[in-house]
Amino acid sequence: MIRHPLLLTASLGAAAGALGGMMGVGGGILLVPLLVHVMREPQHEAQAVSLAFIIATAAVAVVPYLARERLDLGLAALLAAGALPGVVAGARTAARMSALWLRRAFGIAVLATAIRILVAPPIPLGAAMPWPWPFEVGLGLGVGFLAGLLGIGGGTILVPVLTLVQRMPQHAAQGLSLLLIVPVGLVGVVTYARGGKLPTKLLPGLLAGGALGGLVGAVLAQGIGGRSLARMFAVF
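Residues numbered from 1 in each chain as written. Predicted model: local features only at pLDDT ≥ 70, side-chain atom pairs only at ≥ 80, totals over all residues. Heavy atoms only, no water.

## Thoughts on the nonpolar core
With 39 residues, the main nonpolar core has L35, L178 and L206 as its most contacted residues. Listing elements by their share of this core, those giving two or more residues are α1 (6-23), α2 (28-37), α3 (43-68), α4 (73-96), α6 (133-150), α8 (170-194) and α9 (203-222). Among the elements that make up this core, the one with the highest residue count is α3 (12 residues). Among the nonpolar cores identified, the runner-up in size contains 20 residues, and A83, V159, V161 and L176 belong to it. (Core = buried A, V, L, I, M, F, W, Y, C linked by side-chain atoms within 4.5 Å. Buried < 20%, exposed > 50% of the residue type's maximum accessible area, 1.4 Å probe, protein only. Helix = DSSP H or I, 4+ residues; strand = E, 2+ residues; numbered from the N terminus.)

Written as structure tokens, this is what we have:
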């Protein structure tokens, strides 16, 4: 186990937070590999730390989105209704099994979505097309389960579904994703902590760097057009 100087953890947190705030995903999808390969943390502990990290990042990064976008709070509530039990189930599943094959399947799904967005970036045409409420709750359940299983916010799945399928503008979808990440992260990290998988020594630097990076990333995102932001999301 290598030592964890505050400057290094703050730098990692700032990098993951900036990308997460700009893309509306919290940053966990970048932070977990960094913790495993740079900080030499075990997979389960890295995922627990990531869930704690995305709470701070998303809570700060969502502020510029709330100020400039009309976020659908009703939809956020429906998604949360499914996501909160989903993240508990995902975290408990992760504690009992190796997530290697799921991470590979998830990577394929993310790659396919990225290619779809790069080929034809989502441009809302006409009114949004929200799903019936049971399907929105089901979407939240799936997003929450992946968040708990992999230690990420779930925005890499939620944002493409909202933009590509439900025709939500890119900025609004990213803001909604960040809004959902806060309660999902809270429930997820409590579940991991109860299993003794949360190494708190990493949190001060990561949270400080993540909060600052998340705010910077979210502010930068407000000045980028929806089409360009969609392509950046796909590359990310």
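## Observations concerning the confidence of the model for the protein chain
Here the protein chain averages 82 in pLDDT, and 83% of its residues register 70 or above. Of all helices and strands in the protein chain, the one with the weakest mean pLDDT is helix α10 (residues 226-235) (60), whereas α4 scores best (93). (pLDDT = per-residue confidence, 0-100.)

## Let's talk about α9
Turn by turn, an α-helix covers 3.6 residues, leaving residues three or four places apart pointing in a common direction. Taking 1.5 Å of rise per residue, 20 residues should cover 28 Å, and α9 covers 28 Å from first to last C-alpha, within 8% of that figure. Among the residues of α9, L203, G205, L206, G209, G210, G213, G214, G217, A218, A221 and Q222 are the ones counted as buried. (Expected span 1.5 Å × (residues − 1).)

## Describing unusual backbone geometry
Of note in the backbone geometry, R40 takes a positive phi value of approximately 60° without being a glycine. In this structure, R167 takes a positive phi of about 60° despite not being glycine. Tracing the sequence through the fold places R167 in the loop between α7 (155-165) and α8.

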